[in-house]
Amino acid sequence: MQTTKPHAALLASPGMGHFIPVLELGKRLVSEHGFNATVFVVTTDTSLSQSQLLKKSHPIPKLLDIVLLPPVDISTLINPTTGILAQLAIMMRQALPSLRQAISAMKFCPTALIVDIFGTEAFAISEELNMLKYVFITSTAWFLALTIHLPTLDAKVVEEEHVRNHEPLMIPGCSSVRFEDTFEPVLDRNNQMYIEYIRMGVQMPTADGILVNTWQDLEPKTLGALGDKRKLGWVAQAPVYAVGPLVRPVKPGSSSDVLGWLDMQPQQSVVYVSFGSGGTLSAKQTTELAWGLELSEQRFIWVVRPPVEDDAAAAIFKTGHRSDNTPDFLPDGFLTRNQKKGLVVPMWAPQTEILSHPSVGGFLSHCGWNSTLESIVNGLPMIAWPLYAEQGMNATMLTEDIGVAVRLKSTPPVVVSREEIETTIRQVMEDKGDAIRARAKTLKSSAEKALSKGGSSYNSLSYVANDCE
Ligand code: UDP
């Protein structure tokens, strides 16, 4: 039995980068499209506290419920070489029985199930319970195009041309993916990550629709190819809806030491440095970044995590502080020398509040898609420093296609030197800043237009809502 209001069950995989956009999609369905919504979050012991924190710290509309599913334990199902994509796929698989139980126990069966990319195996539950099924890609349309096109390519193209000979991967009607930007699971066809990724690419087009956290004017060419039967439409099958940018709003009236510090800085003078919810650098790279920031002579906020390395030398960095309270893994005297210009924030910062503050003038980012969108909606130029996953593709799009970033030339595992960091920060904050800031401001308006009533993303979500009625 169903209520008269459409009810969406949304499924988010572990990690803030997935939970945040899925939650924002749920909120938008409730506040603008007449839905009730329940967001189910797959948790692990470590992700549980983050999800609880976010759940508490953000206003949740009355018609939206958040259900944290019991933590899954996959320790016996993986080995030290199991990549993160395969781990997430396994976690989602383990969570399916609790999801099925939770949905079956609801008074009214939801009209639709919307899963993120790691949750496509839950389509079996929506089929069993007679619900519509959608997938929500929390990244770009270009990444979606790669994901659904890859399973159609044969071994020669992927293994020989791309992986061995470093030729770009061609996607009909879209920009090709250069080898340097390639996505790890593509690199080894025998790896479990490849197998899981291909499965997702095959399952996604069987959905009733594919939602993407982008908007028409940001990726017109790729979205055109996804809707064109002669190009990618034949693999997409399911209609593709660009519904973004869905980003976490600034919490009204929020205050913190960081925001207080920002209040005292001149307009557009601060570069914000962060590598997402989990990005870490090596000890050597952390040192180079510290010096690069200092040499750039710009004001900065740096969200710092201890370097992650196995060797004993790195392990001692994690333990203590120097006499001026500078953590061991930063150069001696770093905090004292930079106390007027910089703020070091350990582990986690109120990112959306920081990015919307008028004193911030640029964002040095790993180019995770949420961070990228949060930067664009605030009209900020970026310094692109991709680390892993599809971040290389995002960085290429930001620099070569939409022109809102300057990219650091070295890519991991090559250590980016302090001189390169210094010069690139100066370029964005001083020399080139005005041109790319102007472009970023244009995109900011285009994003606002897409989301407003009658805009392209608003309309896309209305089509989904109509189907669910
Ligand atoms: N985030 C935050 N504070 C931090 C680090 C990250 O609020 O100190 C949020 C950020 O605003 C974004 C998300 O966590 O919404 C990170 O998602 P993204 O896609 O950028 O990167 P990921 O963490 O998935 O690599």
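The residue numbering used here restarts from 1 in each chain and proceeds along that chain's sequence as written. For a predicted model such as this one, the threshold for reporting local features is a pLDDT of at least 70, and the threshold for listing and counting side-chain atom pairs is 80 or more; totals across whole chains, interfaces and linings nevertheless cover every residue.

### So, the overall build of the protein chain
So, step 1. For the protein chain, the count of helices and strands is 19 helices and 13 strands.
So, step 2. As a reference, a globule follows 2.2 Å times the number of residues to the power 0.38, and the radius of gyration itself is taken over C-alpha atoms. For a compact globule of 469 residues, the expected C-alpha radius of gyration is about 23 Å, and the protein chain comes in at 22 Å, within 12% of that figure.
So, step 3. Oriented by its inertia axes, the alpha-carbon framework of the protein chain measures out at about 65 × 55 × 50 Å.
So, step 4. Buried, partly exposed and exposed are defined by the number of other C-beta atoms within 10 Å of a residue's own C-beta, namely 20 or more, between the two limits, and 12 or fewer respectively, with C-beta atoms placed from the backbone. Here the protein chain holds 469 residues, and 48% of them are scored as buried. For the purposes of this entry, the term helix denotes a DSSP run of H or I that reaches at least four residues, the term strand denotes a run of E that reaches at least two, and both are numbered from the N terminus.

### A word on the site of the ligand
So, step 1. Defining nearness, a residue is near a molecule or strand when the C-beta atom obtained from its backbone falls within 6 Å of it. Close to the ligand lie 19 residues; Gly17, Gly276, Ser277, Gly368 and Ser371 are nearest.
So, step 2. Those elements giving two or more residues to the shell around the ligand turn out to be helix H1 (16-33), helix H14 (351-355) and helix H15 (369-376).
So, step 3. Ranked by residues supplied to the shell around the ligand, first place goes to H15 with four residues.
So, step 4. Note that Gly is not counted as nonpolar here; it falls among the polar residues with everything else outside the nonpolar set of Ala, Val, Leu, Ile, Met, Phe, Trp, Tyr, Cys and Pro and the charged set of Asp, Glu, Lys and Arg. Its residues placed into classes, the shell around the ligand shows six nonpolar, eleven polar and two charged.

### Observations concerning the pairing of strand S1 (residues 7-12)
So, step 1. For S1, a buried count of six out of six residues is recorded, marking the element as mostly surrounded by other parts of the structure.
So, step 2. The alternating pattern of S1 places His7, Ala9 and Leu11 and Ala8, Leu10 and Ala12 on opposite faces, both of which are buried.
So, step 3. Whether two strands pair comes down to DSSP finding at least two bridges between them. The pairing of S1 with strand S2 (residues 36-41) spans six bridges and is classified as parallel. Paired with leucine 10 across the strands is valine 39, a residue of S2.

### Remarks on the environment of alanine 112
So, step 1. Summarising the element assignment, alanine 112 is placed in strand S4 (residues 112-116).
So, step 2. In this structure alanine 112 comes out as buried when scored by C-beta crowding, with 23 C-beta atoms within 10 Å.
So, step 3. Two residues qualify as a contact pair if the distance between their C-beta atoms, derived from the backbone, is within 7 Å. Dropping the residues within four chain positions of it, alanine 112 is found in contact with Ala8, Met131, Leu132, Tyr134 and Cys468.

### Let's talk about the sheet that holds strand S12 (residues 382-384)
So, step 1. On the basis of which strands lie adjacent, the open sheet formed by six strands has the order S10-S9-S8-S11-S12-S13 and parallel pairing. The open sheet terminates on both sides in strands that have one partner only, identified here as strand S10 (342-346) and strand S13 (405-407). The average undirected angle you get between the axes of adjacent strands in this sheet is 15°.
So, step 2. Bridge count between S12 and S13: three bridges; the pairing is parallel. Inter-axis angles, ranging from 0 to 180 degrees, are taken between N-to-C directions of lines fitted to C-alpha atoms, where helices are fitted over the stretch in contact.

### Describing the confidence of the model for the protein chain
So, step 1. Confidence of the predictor at the level of single residues is given by pLDDT, which spans 0 to 100. Of the residues in the protein chain, 94% have a pLDDT of 70 or more, and the chain-wide mean is 91.
So, step 2. Throughout residues 310-317 the model reports pLDDT below 50, and contacts reaching past four residues in sequence, or to other chains, amount to nine contacts.
So, step 3. Per the prediction output, this complex has pTM 0.94; the corresponding ipTM is 0.99.

### Some remarks on the nonpolar core
So, step 1. To define a nonpolar core, we join buried Ala, Val, Leu, Ile, Met, Phe, Trp, Tyr and Cys residues through C-beta atoms within 7 Å and take the resulting set. Within the largest apolar cluster, 140 residues are counted, with the highest numbers of intra-cluster contacts made by Leu10 and Ala145.
So, step 2. Looking at which element gives the most residues to this core, the answer is helix H3 (residues 84-104), with nine residues.
So, step 3. Not counting residues up to four positions away in its chain, the partners in contact with alanine 145 are Ile171, Cys174, Thr222, Ala225, Leu226 and Leu232.

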